[in-house]
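Reading the structure
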Amino acid sequence: MAVEFSAIGSITVTSTITNLALVAPTCTNNDILIAVLIGKDNIDHQGASADWTEIGTQANNTINMTTSHWWKRAVAADSGATFTFTKTTDNNIFFAGVISCWKGALIGATPIDVSTPTTSNNASSDTVTYADFTPTCPEVTIIASGIYADDNITALGTISGTNPTLTNRYNVETGTGTDCAFFAFSGASVGCVATGARSHTTTSTTDAVNQGWLFGLCPEPTGLLPFCIAPQPTR
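Residues numbered from 1 in each chain as written. Predicted model: local features only at pLDDT ≥ 70, side-chain atom pairs only at ≥ 80, totals over all residues. Heavy atoms only, no water.

**A few points about the nonpolar core**
One broad trend across soluble globular proteins is that nonpolar side chains are buried collectively. The biggest cluster of nonpolar side chains holds 46 residues, and the ones touching the most others in it are Ile34, Ile38, Tyr130, Phe182, Phe183, Phe185 and Leu217. Sort the elements by how many residues they give to this core and strand E17 (residues 208–217) lands first, with six residues. Counting 16 residues, the second largest nonpolar core, distinct from the first, contains Ala24, Cys27, Leu33 and Leu37. (Core = buried A, V, L, I, M, F, W, Y, C linked by side-chain atoms within 4.5 Å. Buried < 20%, exposed > 50% of the residue type's maximum accessible area, 1.4 Å probe, protein only. Helix = DSSP H or I, 4+ residues; strand = E, 2+ residues; numbered from the N terminus.)

Here it is, written out as structure tokens:
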């Protein structure tokens, strides 16, 4: 069974303090919460608590954009709960984030695919690109997470490529003038096959620097082996 998108919370923005209080969407036990953060600087982000784990490594795109991803396995009390992320320096510069919820992920171990996430640091453009990602877990759900350093994105174009075919799951933006957008696509991959480079357009009225991340969420097993095994020679 593939991992499936469930819900997205509301964006929180601050420009005056180091704390960023994000509210989780509706979730249940063993759902996976994923927080995406953007700062318009290069200041380090920190998880809300010890049970939030960073996905990959925080990535800078010029001196005006840095993003990070964090995951947590949900418990019932997390539904609608507030989680406070921080940055290490109070510099009065834009800091924002949002939490999404995903169902059907691996329960008995870390659900994030062990392959290192890929990050594309894109110049100011209407186009968002995503670098090639090769998963380790079979039947993994690939997540393409895009962060755009402006709002006014009225629509997203279809993302390129197959295996998996990636479908838009959310596109949330700040109010006009506060400037950022978060969006994600996902799809179930067959086998440990490289995604190839992906891209899509936006209809933003103002071009902006942006980032595209690719990573995997492993599903709860359905009788398949947990990792891909290279073909063995015939005898």
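From this point on, the discussion continues.
**Some points on the pattern of salt bridges**
As enumerated under the stated definition, the model contains four salt bridges in all. Residue Asp31 pairs with Lys103 through a salt bridge whose shortest N-O separation is 2.6 Å. Note that Asp31 is positioned in the loop between strand E3 (19–23) and strand E4 (32–39) and Lys103 in strand E10 (residues 95–103), a separation of 72 residues in sequence. We classify Asp31 as buried; its relative accessible area is 4%. With relative accessibility at 32%, the residue Lys103 sits in the partly exposed group. Across the salt bridge formed by Asp51 and Lys72, the nearest N and O atoms sit 3.6 Å from each other. Of this pair, Asp51 sits in the loop between strand E5 (45–46) and strand E6 (53–54) while Lys72 sits in strand E8 (residues 66–73), and the two are 21 residues apart along the sequence. The exposure class of Lys72 is buried, given its relative accessible area of 4%. Where salt bridges share partners, they join Asp51, Lys72 and Asp78 into one cluster. (Salt bridge = Lys/Arg side-chain N within 4 Å of Asp/Glu carboxyl O.)

**A few points about the sheet that holds strand E9 (residues 82–87)**
Spatial ordering of the open sheet is given by E3-E9-E5, a layout of three strands whose pairing is antiparallel. Only two strands of the sheet have a single neighbouring strand rather than two, namely E3 and E5. (Pairing = 2+ DSSP bridges.)

**Considering the environment of Leu156**
In this structure, Leu156 sits in the loop between strand E13 (141–148) and strand E14 (167–173). Along the sequence, Leu156 and Asp126 sit 30 residues apart, while their C-alpha atoms lie 9.7 Å from each other. Beyond its immediate sequence surroundings of up to four residues, Leu156 is in contact with Asn168, Asn171, Phe183, Phe185, His200, Thr201 and Thr202. (Contact = heavy atoms within 4.5 Å.)

**A short note on the packing of aromatic side chains**
Under the counting rule described, the total for this entry stands at five aromatic pairs. Here Trp52 and Phe83 contribute two aromatic rings whose centre-to-centre distance is 5.3 Å and whose plane-to-plane angle is 70°, an arrangement assigned as edge-to-face. Of this pair, Trp52 sits in the loop between E5 and E6 while Phe83 sits in strand E9; the two residues are 31 residues apart in sequence, bridging distant segments of the chain. What makes Phe83 buried here is its relative accessible area of 10%. The structure contains a cluster of three or more aromatic residues connected by ring pairs, namely Trp52, Trp70, Phe83 and Phe85. (Phe/Tyr/Trp six-rings, centres within 6.5 Å; stacked < 30°, edge-to-face > 60°.)

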